[in-house]
Amino acid sequence: CIPILQDIYAEMMPMPLEDGLNCIIYNDLEDVEKLAYRLEHLSDTTLANLHKGVRTYFDSYLTSDAITKQMLGQEEEFFYLQAEGFSISLFKPD
């Protein structure tokens with residue numbers, strides 16, 4: 001799976017995603033036609049490189065081990081868990 005994102009969303013990731021390396025980025029609706037052409041004409045080599053880049057990004061920044069290392073490496077004393085009510089209830093002691 002290769003992320004296809006508008007530029008603003010690619011920049012919101014912990015480490016920004018890079019067009020052609022680990023995702024495909026478009027700017028706005030005017031880019032969609034060019035995006036469709038680009039996707040239709042991806043070579044097998046480019047596609048394989050994108051898959052490799054996505055996997056490297058995932059392993060480096062999005063696995064549970066990577067996220068834990070990032071959290072433990074921060075100097076802040078607190079971190080905030082964004083979750084909904086059911087998930088939070090799982091953390092409550094009985």
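Everything numeric in this text was worked out from a predicted model, so none of it was measured.

A.B. asks: Is there a simple way to think about the overall build of the protein in this case?
C.D. replies: Looking only at helices and strands, one finds five helices and two strands in the protein. In the protein, the succession of helices and strands from N to C terminus is β-α-β-α-α-α-α. Sorting the 94 residues of the protein into buried and exposed places 16% on the buried side. A separation threshold of at least 6 residues defines the contact pool for the protein, and within that pool the share at least 24 residues apart is 39%. Total accessible area on the protein is roughly 8,000 Å²; 57% of this is exposed by carbon and sulfur atoms.

A.B. asks: What should I look at first to understand the packing of aromatic side chains in this one?
C.D. replies: Two descriptors summarise a pair of aromatic rings, namely the distance from one centre to the other and the angle between the planes of the rings. The full count for this structure, using the stated rule, is one aromatic pair. An angle of 55° between the planes, with centres 4.9 Å apart, marks the rings of Tyr57 and Tyr61 as tilted. In this pair, Tyr57 and Tyr61 are both assigned in helix 3 (residues 44–61), four residues apart and thus about one turn of the helix distant. Residue Tyr57 is classed as buried on the basis of its relative accessible area of 6%. Looking at Tyr61, the relative accessible area reads 25%, which means it is partly exposed.

A.B. asks: What should I look at first to understand the pattern of salt bridges in this one?
C.D. replies: Where charged atoms from two side chains of opposite charge come close, those side chains can pair. Counted by the stated rule, this structure contains three salt bridges. Across the salt bridge formed by Lys34 and Asp31, the nearest N and O atoms sit 3.3 Å from each other.

A.B. asks: Looking at this structure, how should I read the confidence of the model for the protein?
C.D. replies: Should pLDDT be low for a region, the predicted coordinates there are not to be read in detail. Within the protein, residue pLDDT values average 87, and 85% of them lie at 70 or more. Of all helices and strands in the protein, the one with the weakest mean pLDDT is helix 5 (residues 85–89) (68), whereas helix 3 scores best (96).

Calculation notes
Residues numbered from 1 in each chain as written. Predicted model: local features only at pLDDT ≥ 70, side-chain atom pairs only at ≥ 80, totals over all residues. Heavy atoms only, no water. Helix = DSSP H or I, 4+ residues; strand = E, 2+ residues; numbered from the N terminus. Buried < 20%, exposed > 50% of the residue type's maximum accessible area, 1.4 Å probe, protein only. Contact = heavy atoms within 4.5 Å. Areas by Shrake-Rupley, 256 points an atom, 1.4 Å probe, with all protein chains shown as cover. Phe/Tyr/Trp six-rings, centres within 6.5 Å; stacked < 30°, edge-to-face > 60°. Salt bridge = Lys/Arg side-chain N within 4 Å of Asp/Glu carboxyl O. pLDDT = per-residue confidence, 0-100.

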